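Geometric and topological summary
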Amino acid sequence: MTVVEDAARPQAAGETVLEATGVTMRFGGLLAVNDVNLTVREGEIVGLIGPNGAGKTTFFNCLTGLYKPTSGQVRFSGTPLPPKPRAVVRAGMARTFQNIRLFANMTALENVMVGRYCRTSAGALTSVLHGPKFRREEEATRARAQELLEFVGLGRSAEHLARNMPYGDQRRLEIARALATDPKLILLDEPTAGMNPQETRQASDLIFKIRDSGLSVVVIEHDMRFIFNLCDRVLCLVRGEALIEGTPEEVQSDPRVIEAYIGTGEDDDEVEDDVPGGEV
Ligand SMILES: Nc1ncnc2c1ncn2[C@@H]1O[C@H](COP(=O)(O)OP(=O)(O)OP(=O)(O)O)[C@@H](O)[C@H]1O
Ligand SMILES: [Mg+2]
């Protein structure tokens with residue numbers, strides 16, 4: 001089974017999918033992201049690492065139109081992207097969130113179906129009202145959602161309410177919902193946060209499977225073993241700036257990266273694990 005439908009399948013290996021140049025995001029006096037560049041090619045898995053508060057989520061928010069960057073440009077498949085979430089999703093970029101955002105009182109299947117509505121003509125409201133005219137499209141949406149649940153390993157949880165699902169399953173459900181938009185590129189913000197080692201290994205396998213189906217992936221994680229095993233390239237942000245970008249080997253062996261995580265102890269403020277206001 002493939003995740004990518006023909007319309008979204010990359011045309012040639014190695015073509016640039018995402019090109020972010022000079023992305024800068026200022027909140028008042030705080031420069032949360034400062035002149036960051038990132039290029040992602042077809043079939044690549046790129047890691048984004050950095051200490052708490054480094055600007056990783058803010059950078060994702062700039063890429064996906066949740067924030068309008070103070071300056072810089074985001075091009076997707078060669079076309080400048082307007083900073084509007086719907087336009088970004090339609091262009092072929094999907095994401096998951098650091099703090100899981102599911103419809104808690106809907107089933108797993110319904111959550112994935114919601115992701116699909118950006119690709120159907122009926123729209124969410126009409127489909128919810130079950131107009132007979134749209135029944136066929138609704139069936140196709142349902143079948144595709146079930147297929148995606150199976151792809152992420154949740155085929156048996158289709159009728160479970162999202163709020164009753166174990167945490168690791170909720171993370172996988174978010175990925176299924178993002179895949180339902182038929183993306184070319186998926187951005188994952190801490191997909192293994194709160195997972196046990198076995199779930200983390202499964203998440204790795206799932207991301208490889210997503211890549212093998214023809215998508216590109218950008219993944220934020222604090223789990224370095226996970227990142228360095230998974231990624232083709234890694235970008236490390238520190239205090240909003242790109243410290244280094246390179247292969248896992250290059251980044252792993254750079255003493256500045258280790259220092260950034262451990263800190264010099266001189267000017268490190270205590271940073272909360274889950275940054276308040278870090279997401280909109
Ligand atoms: N909407 C906002 N308004 C003001 N400041 C913000 C906002 N969003 C993020 N920030 C600040 O920008 C900086 C970067 O935060 P961000 O959430 O992007 O970091 P992060 O690298 O994702 O960190 P973590 O690993 O903890 O998730 C932080 O200092 C944060 O407090
Ligand atoms: Mg974050």
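Scoring rules and cut-offs
Residues numbered from 1 in each chain as written. Chains lettered and ligands numbered in written order. Predicted model: local features only at pLDDT ≥ 70, side-chain atom pairs only at ≥ 80, totals over all residues. Heavy atoms only, no water. Salt bridge = Lys/Arg side-chain N within 4 Å of Asp/Glu carboxyl O. Helix = DSSP H or I, 4+ residues; strand = E, 2+ residues; numbered from the N terminus. Pairing = 2+ DSSP bridges. Axes fitted to C-alpha atoms, helices over the stretch in contact; angles between N-to-C directions. Contact = heavy atoms within 4.5 Å. 1 Å grid on protein atoms, 1.4 Å probe; cavity = no way out; pocket = protein on both sides within 12 Å on 5 of 7 lines; lining within 4 Å. Points joined across faces, edges and corners; volume = space filled by probe spheres on them. Nonpolar A, V, L, I, M, F, W, Y, C, P; charged D, E, K, R; others polar. Phe/Tyr/Trp six-rings, centres within 6.5 Å; stacked < 30°, edge-to-face > 60°. Lys NZ or Arg CZ within 6 Å of the ring centre and 35° of its normal. Donors = N, O, S within 2.8 Å, 3.2 Å for Na, K, Ca; no water. Buried < 20%, exposed > 50% of the residue type's maximum accessible area, 1.4 Å probe, protein only.

**Considerations on the pattern of salt bridges**
Tallied over the full model, the rule gives 10 salt bridges. Close ionic contact of Glu-44 with Arg-233 constitutes a salt bridge, the shortest N to O distance being 2.8 Å. Of this pair, Glu-44 sits in the loop between strand S2 (30–41) and strand S3 (45–49) while Arg-233 sits in strand S9 (residues 233–238); the two residues are 189 residues apart in sequence, bridging distant segments of the chain. The partner of Glu-245 in a salt bridge is Arg-233, and the shortest N-O contact between them spans 2.2 Å. Taken together, the residues span a long stretch of sequence, with Glu-245 in strand S10 (residues 241–246) and Arg-233 in strand S9 at a distance of 12 residues. Salt bridges sharing common partners tie together Arg-41, Glu-44, Arg-233 and Glu-245.

**Let's talk about the sheet that holds S9**
As summarised here, the arrangement of the six strands in space is S6-S7-S8-S3-S9-S10, forming an open sheet in which the pairing is mixed. Edge positions in the open sheet fall to strand S6 (93–95) and S10, since each of these has one partner strand only. Neighbouring strand axes in the sheet, compared pairwise and without regard to direction, differ in orientation by 15 degrees on average. Where S3 lies against S9, four bridges are found, and the strand directions are parallel. Looking at the pairing, Val-46 lines up with Arg-233 of S9. Here helix H6 (residues 167–179) sits on the sheet in contact with S6 and strand S7 (185–189), set at roughly 155 degrees to S7. Across the sheet, helix H7 (residues 197–212) lies against S3, S7 and strand S8 (216–220), angled at about 135 degrees from S3, the strand it touches most.

**A look at the layout of surface pockets**
Counted as a void, the second largest pocket has a volume near 710 Å³. Lining the second largest pocket are 24 residues, with Pro-85, Val-89, Gly-115, Cys-118 and Thr-181 sitting closest to its centre. Those elements that place two or more of their residues in the lining of the second largest pocket are helix H2 (85–91), S6, helix H3 (108–116), helix H4 (123–129) and H6. Its residues assigned to classes, the lining of the second largest pocket comprises 13 nonpolar, five polar and six charged.

**Observations regarding the packing of aromatic side chains**
Overall, the coordinates contain one aromatic pair when judged by the stated rule. With a centroid separation of 5.5 Å and an interplanar angle of 80 degrees, the aromatic rings of Phe-27 and Tyr-67 are classed as edge-to-face. With Phe-27 in strand S1 (residues 16–27) and Tyr-67 in the loop between helix H1 (56–63) and strand S4 (71–76), the pair connects residues that are 40 residues apart, well separated along the chain. We note Lys-209 situated over the ring of Phe-151; from NZ or CZ to the ring centre the distance is 4.4 Å.

**Regarding the coordination of the magnesium ion (ligand 2)**
Those protein atoms acting as donors to the magnesium ion (ligand 2) are Thr-57 (OG1) and Gln-98 (OE1), and they sit at 2.0 to 2.1 Å. Of the two residues, Thr-57 is situated in helix H1 and Gln-98 in the loop between S6 and H3; the sequence distance between them amounts to 41 residues. Residue Thr-57 is classed as buried on the basis of its relative accessible area, which comes to 10%.

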